[in-house]
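Reading the structure
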Amino acid sequence: MELKVLGQDTPAAPSPGGGCASSGCGGNSDHLAHLPEAIREKVHNHPCYSEEAHHHYARMHVAVAPACNIQCHYCNRKYDCANESRPGVVSELLTPDQAVTKVMAVAASIPQMTVLGIAGPGDPLANPERTLSTFRQLSEKAPDIKLCVSTNGLALPALVDELCQHNIDHVTITINCVDPEVGAQIYPWVFWNNRRIRGVEGAKILIEQQQKGLEMLVERGVLVKVNSVMIPGVNEEHLKEVSEVVKAKGAFLHNVMPLIAEAEHGTFYGIMGQRGPTHAELQALQDECAGDMNMMRHCRQCRADAVGLLGEDRGDEFTMDKIAEMEIDYGKAMETRKQVHEAIEADREAQRQRAGQCFVSLTELGGVARKETRPMLMAVATEGHGLINQHFGHAREFLIYEASATDVRFIGHRKVDLYCSGGDTCGDAETALQKTIRTLEGCEAVLCSKIGFEPWGMLEEAGIMPNGEHAMEPIEEAVAAVYREMAKDGRLDAQAPETLRMRA
Ligand code: CLF
Ligand code: SF4
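Below you will find a few notes about this structure. Not measured: the values here are computed from a predicted model.

What follows concerns the sheet that holds strand 8 (residues 195-198). Ordered in space as 3-7-8, the 3 strands form an open sheet in which the pairing is antiparallel. At either margin of the open sheet sits one strand with a lone partner, and together these are strand 3 (70-71) and strand 8. When strand 3 meets strand 7 (residues 189-192), the two strands line up antiparallel, connected through 2 bridges. Residue pairing for strand 7: Q71 is matched across the bridge by W189. Sheet strands in contact with helix 6 (residues 199-219) are strand 3, strand 7 and strand 8, and its direction is about 105° off that of strand 8.

So, in structure tokens, the structure goes:
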């Protein structure tokens, strides 16, 4: 039996509308190999639509769309659209011309930036002139950049044809419900035909427009991702039905995101004390929905002006005053971009080949038949490129993988506070480190390029095995290797005693 690597883009059979059923594929194969060439071309370097791509390619957002046409209970208009952004952050609003200049500057400086998305700070399609003007200019000036938009869907059907004219072939619709009764608990009102329509009636209109927009996009061959905010006690059970409905209509990907509700954000849910899901609840729901469709698990709930790899924010390097001082030769930049993309693809292919060689069944280890082993969670510190290449103390987030005798599966990420910045904050180090360790609860190993003496000891005390032996190795390969090492020692035997399981 071969050890497999499962990511969000691993499923085998494309559905009629371009969606994917969730099943495994070999660890050495191209995760996108099962897709028709046209779809593969659209997703292979899109960091949100391909889990593998997100290790290598960056996206950027431009905040050109201030207005919104609905109200969500998890949103405060002072902040970015929480349908696709982390609540509680504010983005600097740009005009379409400023946005185009910024995109050209970022594309020239970060050649691995392949996608420009508009995701706020309000709803992009409630600001059609600003959004479409930005896309129109970019499709002419930077044809190698993929264009992407995220919307609540209310104005979508009316704008589908125009979006298609501007080569926007990735659209995200936030669909939190397909039942207006559930919708009325999430959306107090929608603004429709110059009227504010409240409650169930408003939610019904929103749902109808979202479903119609989804169908129209799929008919036109546009890839649709559906975002859903998981709101415990409101829609968590209902989201399984949402997943089935949108998959049946041909959505490519479903992204179930956790509600983030804090009183200080001033949102209805935050003030009312509505909680978000735990890591375990989110993962359980994602797993249940995955039975029906391809799931995104690597979303970082970016800000509306995010720049860089997912999880990274380089926006400060590209303020309008800094951009004014840059000299941009986009023709030359496109050449560089092409070369960098070719190098990334060669690197990805080499990683796949190596993975194919290393994924061997546990039962083949040294010819010794193993007892049944149990799955385990590992945390990984990475700066990108799909490698274990980050110091434990520099990680702002950890990727979480589940390893078992047959699979290595990416299941999500967990954000942490930086505990080691090398500055004056060292007095708080212990608290931050303790918080990090709490965040890693449930993981039995953490893989990083280096780790200090103090965190090493504290992790061990908490039952998490630190491991710096796989620095600069591809992530899945390293996770598989650590799993095999632990299995070999008997630490993963289904019946292994606690003392043996935790032995470093
Ligand atoms: Fe941006 Fe969204 Fe396009 Fe990606 S983000 S508009 S699809 S380019 Fe990506 Fe960020 Fe999650 Fe969005 S990680 S919040 S899913
Ligand atoms: Fe806020 Fe976005 Fe909802 Fe509009 S669609 S209310 S901006 S979260």
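Structure shown, so let's carry the discussion forward.
Note that side chains of opposite charge can pair when their charged atoms are close. Counting across every chain of the model gives 21 salt bridges. Between R337 and D144 there is a salt bridge, and its shortest N-O distance comes to 2.7 Å. On the criterion of sequence distance, the pair formed by R337 in helix 11 (residues 330-358) and D144 in the loop between helix 3 (128-141) and strand 5 (146-151) is long-range, its members being 193 residues apart. The exposure class of D144 is partly exposed, given its relative accessible area of 28%. Between R220 and D161 there is a salt bridge, with its nearest N and O atoms 2.7 Å apart. Of this pair, R220 sits in the loop between helix 6 and strand 9 (223-230) while D161 is found in helix 4 (residues 156-165), placing the two residues 59 residues apart along the sequence. Put simply, D287, R297, E402 and R409 are held in one network by salt bridges that share partners.

Another point: the sheet that holds strand 12 (residues 307-308). As summarised here, the arrangement of the 8 strands in space is 11-10-9-6-5-4-2-12, forming an open sheet in which the pairing is mixed. Two strands close off the open sheet at either side, each with one partner strand: strand 11 (295-296) and strand 12. Strand direction decides the pairing type here: strand 5 and strand 6 (residues 168-174), joined by 5 bridges, are parallel. Looking at the pairing, C148 lines up with H170 of strand 6. In the packing of helix 4 onto the sheet, contacts are made with strand 5 and strand 6, and the angle to strand 6 comes to roughly 165°.

Reading the values: rules and limits
Residues numbered from 1 in each chain as written. Chains lettered and ligands numbered in written order. Predicted model: local features only at pLDDT ≥ 70, side-chain atom pairs only at ≥ 80, totals over all residues. Heavy atoms only, no water. Pairing = 2+ DSSP bridges. Helix = DSSP H or I, 4+ residues; strand = E, 2+ residues; numbered from the N terminus. Contact = heavy atoms within 4.5 Å. Axes fitted to C-alpha atoms, helices over the stretch in contact; angles between N-to-C directions. Salt bridge = Lys/Arg side-chain N within 4 Å of Asp/Glu carboxyl O. Buried < 20%, exposed > 50% of the residue type's maximum accessible area, 1.4 Å probe, protein only.

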